[in-house]
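Remarks on the overall topology
Residue strings, one per chain:
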Amino acid sequence: MSNTAGQVIRCKAAVAWEAGKPLSIEEVEVAPPQAHEVRLKILFTSLCHTDVYFWEAKGQTPLFPRIFGHEAGGIVESVGPGVTDFQPGDQVLPVFTGECGDCSHCKSEESNMCDLLRINTDRGVMLTDGKSRFSIKGKPVYHFVGTSTFSEYTVCHVGSVAKINPAAPLDKVCILSCGVSTGLGAALNVAKPKKGHSVAVFGLGAVGLAAAEGARLSGASRIIGVDLNPSRFNEAKRFGVTEFVNPKDHKKPVQEVIAEMTGGGVDRSIECTGNVQAMIQAFECVHDGWGVAVLVGVPNKDDVFKTHPMNLLNERTLKGTFFGNYKPRTDLPGVVEKYMNKELEVEKFITHSVPFTEINKAFDYMLRGEGLRCIIRMGD
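Residues numbered from 1 in each chain as written. Predicted model: local features only at pLDDT ≥ 70, side-chain atom pairs only at ≥ 80, totals over all residues. Heavy atoms only, no water.

What follows covers the packing of helix 1 (residues 49–56) against helix 11 (residues 359–367). Viewed as axis vectors pointing N to C, helix 1 and helix 11 meet at an angle of 95°, and their least axial separation amounts to 11 Å. Compared by their axis directions, helix 1 and helix 11 come out roughly perpendicular. In this structure, helix 1 contributes His49, Val52, Trp55 and Glu56 to the contact, and helix 11 contributes Phe363, Met366 and Leu367. The residue makeup of the contact of helix 1 with helix 11, split by class, is 5 nonpolar, 1 polar and 1 charged. (Axes fitted to C-alpha atoms, helices over the stretch in contact; angles between N-to-C directions. Helix = DSSP H or I, 4+ residues; strand = E, 2+ residues; numbered from the N terminus. Parallel < 35°, antiparallel > 145°, perpendicular 65-115°, else oblique. Contact = heavy atoms within 4.5 Å. Nonpolar A, V, L, I, M, F, W, Y, C, P; charged D, E, K, R; others polar.)

Moving on: unusual backbone geometry. For residues besides glycine, phi is generally negative; the peptide bonds are generally trans as well. Across the junction of Phe64 and Pro65, the peptide omega takes the value -5°, indicating a cis bond. Position of Pro65 among the secondary structure elements: in the loop between helix 1 and strand 4 (71–79). At Lys137, a position not held by glycine, the phi torsion is positive, near 50°. Residue position: Lys137 is located in the loop between strand 6 (134–136) and strand 7 (139–141). Residue Glu315 is not a glycine yet carries a positive backbone phi of 65°. In this fold, Glu315 is placed in the loop between helix 9 (310–313) and strand 15 (317–320).

Attention shifts here to the pattern of salt bridges. Overall, the coordinates contain 18 salt bridges when judged by the stated rule. Note that Glu37 and Arg133 form a salt bridge whose closest N and O atoms lie 2.9 Å from each other. Taken together, the residues Glu37 in strand 3 (residues 37–46) and Arg133 in the loop between helix 2 (104–107) and strand 6 connect sequence positions 96 residues apart. Owing to a relative accessible area of 4%, Arg133 belongs among the buried residues under this scheme. When the shortest N-O distance is used, the salt bridge between Glu213 and Lys348 registers 3.0 Å. In this pair, Glu213 sits in helix 5 (residues 206–217) while Lys348 sits in the loop between helix 10 (328–340) and strand 16 (350–355), placing the two residues 135 residues apart along the sequence. (Salt bridge = Lys/Arg side-chain N within 4 Å of Asp/Glu carboxyl O. Buried < 20%, exposed > 50% of the residue type's maximum accessible area, 1.4 Å probe, protein only.)

As a further point, take the nonpolar core. In summary, soluble globular proteins display a tendency toward joint burial of nonpolar side chains. Core analysis: the biggest nonpolar cluster contains 97 residues, and Val28, Phe150, Val173 and Ile270 have the highest contact counts within it. Of all hydrophobic cores here, the second largest spans 15 residues; its members include Ala200, Ala282, Phe283 and Ala293. (Core = buried A, V, L, I, M, F, W, Y, C linked by side-chain atoms within 4.5 Å.)

With that settled, the discussion passes to the sheet that holds strand 13 (residues 268–271). One open sheet accounts for 6 strands, arranged 12-11-10-13-14-15; its pairing is parallel. Both edges of this open sheet fall to strand 12 (243–245) and strand 15, since each of them pairs with a single strand only. Across the sheet, the axes of successive neighbouring strands diverge by a mean angle of 20°, strand direction being ignored. As defined by bridge partners, strand 11 (residues 222–226) adjoins strand 12 across 3 bridges and the pair is classed as parallel. Residue Ile224 lies in a different strand from strand 12, and its bridge partner there is Glu243. The sheet strands contacting helix 5 are strand 10 (198–202), strand 11 and strand 13, and the helix crosses strand 10 at an angle near 170°. Helix 7 (residues 254–262) rests against strand 10, strand 11 and strand 12 of the sheet, and its axis sits at about 160° to strand 11. (Pairing = 2+ DSSP bridges.)

Attention now goes to the state of the cysteines. Following the criterion strictly, the structure yields 0 disulfides and no others. Not engaged in a disulfide, the cysteine Cys103 finds its nearest cysteine sulfur in Cys106; these two sulfurs lie 3.7 Å apart. Look at Cys103 and you get buried, because its relative accessible area is 11%. Of all cysteine sulfurs, the one in Cys174 lies closest to Cys374, which takes part in no disulfide; the gap is 10 Å. According to the relative accessible area criterion, Cys374 is buried, its value standing at 5%. (Disulfide = S-S within 2.5 Å.)

Turning our eyes to something else, we now look at the domain arrangement of the protein chain. Once the domains are mapped, the protein chain shows domain 1 (9–177 + 346–377) and domain 2 (180–322). In this structure, domain 1 and domain 2 have C-alpha centres spaced 30 Å apart. Taken together, the contacts link 12 residues of domain 1 with 13 residues of domain 2. Between domain 1 and domain 2, the buried area comes to about 1,300 Å², and carbon and sulfur atoms account for 64% of it. Of all residues in domain 1, the largest losses of buried area upon contact with domain 2 belong to Lys348, Phe349 and Leu372, amounting jointly to 49% of the total for that side. There are 4 residue pairs in polar contact (both at pLDDT 80 or more) connecting domain 1 and domain 2. Considered class by class, the residues forming the side of domain 1 that touches domain 2 number 7 nonpolar, 3 polar and 2 charged. (Domains from an automatic or database assignment. Buried area = accessible area lost by both parts, 1.4 Å probe. Polar contact = N/O pair within 3.5 Å; in protein donor to acceptor, adjacent residues only side chain to side chain.)

Next comes the structure, spelled out in structure tokens:
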């Protein structure tokens, strides 16, 4: 592969020309990596709800043309000046956030919110020089969250790339670079349920089911799934969910329903919807004295979280998490090893697979609420 190092690569990419319109497979030029950057050959990518949200561009500043995609696996094609941690051929996961290694967050054992590389959905260019590495006929095409994996080749900052086990199957572990790790880490690293605990999970999409999986791995004895869509309940059993609550089936608030089911509240709750009412319910449904609620979902910008201060004074704990508190470069290789050691199943999250030329089908599945993750095979 190194015969392309230092040269512009022409390849196929799925370009979003405008909000909400089907992606178009185009030939793009991908410039060589600059200082502290790596150019990757993407082999498999997946569609996450965040891609759809910014493609629809209903709640934020639209930035087009753009190459979306941030959940993926690939191999290093070439490295820019100053990059010593990677070599061509390394197997990697690009990540929508990063780890520069130098800022106060990176030096803290308690944080993964890198000052330099934390997610920035508005930026469509590289940090090094403020320019895009993608172009079509000389005109720039914008990046998305520093990854832009809906392209056969992409350029990332070196701090947003995790080197993983070369034996790991990228068509499976690519989904660990975003949603699954977010939910899994919310349980294992933040909620930290103990053996025998009860856990409520709000929202049974891929992130919520990953949180349930984390609760199951922790030895939780009861995992209560809360969702407005009853069709998700059957599938959720495979992820350790033992009981289901549909708020629409009850006249009283769901936090009261859960408190009655559990003799005062669950030991832990994990909120994975982004709905502010669900966040309040997730907090108010934990047991006083020791209950811990963890917020994972991203709210709308004008949302306000309201609860009575007595809920906190009565020794309930409210926590938030970003990317499951995993540091991308330091911790993601270990999550991949959980899969390699058969502790963690990722196959059950993968419900569809399409060739790159049919990437718009993945959007259709997600918009219809069908399945969890759709793998997009870049070589097809």
